[in-house]
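Single-letter residue listing:
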Amino acid sequence: MNLAADARRFDVSPAWMCWAGAVPALELFASADPDELYRHGTGLADGFRERLGLAPTGSAIVALDDPDGVLRGVLDAAGCTVAGRAGRVRLSFHVWNDAADVDRAAEALAGVFPPAPTAR
């Protein structure tokens, strides 16, 4: 692409398709009940924790010790989007997650959680 040397270089069409979808999406999110969203995310996370034999915490975030990255690797391979850093793997449940996501993650970890103790 050859851009003009003056301000005409900024004369391009905006991303109209994105803009057209942004308004209804923002209106939908703005109309959602925050308490219901909280209950949804924390309910999924607590259900996941229960499947692993862990106590509920009332948080939509689940962080598990994963010093060798084994849990993260298993979750990645199962198609779960997770974060891993500082020897932990983190799962966060949000409005777009559902019970199938909990099932996928819990089933992926069925053979490897809790992790075997490391030899010292």
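Residues numbered from 1 in each chain as written. Predicted model: local features only at pLDDT ≥ 70, side-chain atom pairs only at ≥ 80, totals over all residues. Heavy atoms only, no water.

1. Some thoughts on the nonpolar core
Residues Phe48, Leu64, Leu75, Leu91, Phe93 and Leu109 are the most contacted members of the largest nonpolar core, which totals 19 residues. Those elements that provide at least two residues to this core are helix H2 (34-51), strand S1 (61-65), helix H3 (70-77), strand S3 (88-92) and helix H4 (99-109). For this core, the leading source of residues is H4, giving five residues. (Core = buried A, V, L, I, M, F, W, Y, C linked by side-chain atoms within 4.5 Å. Buried < 20%, exposed > 50% of the residue type's maximum accessible area, 1.4 Å probe, protein only. Helix = DSSP H or I, 4+ residues; strand = E, 2+ residues; numbered from the N terminus.)

2. So, the packing of aromatic side chains
Enumeration over the complete set of coordinates arrives at one aromatic pair. Pairing Phe48 with Phe93 gives two aromatic rings, centres 5.7 Å apart and planes at 50°, and the pair type is tilted. Of this pair, Phe48 sits in helix H2 while Phe93 is found in the loop between S3 and H4, placing the two residues 45 residues apart along the sequence. There is no split in this pair, since Phe48 and Phe93 are both buried. (Phe/Tyr/Trp six-rings, centres within 6.5 Å; stacked < 30°, edge-to-face > 60°.)

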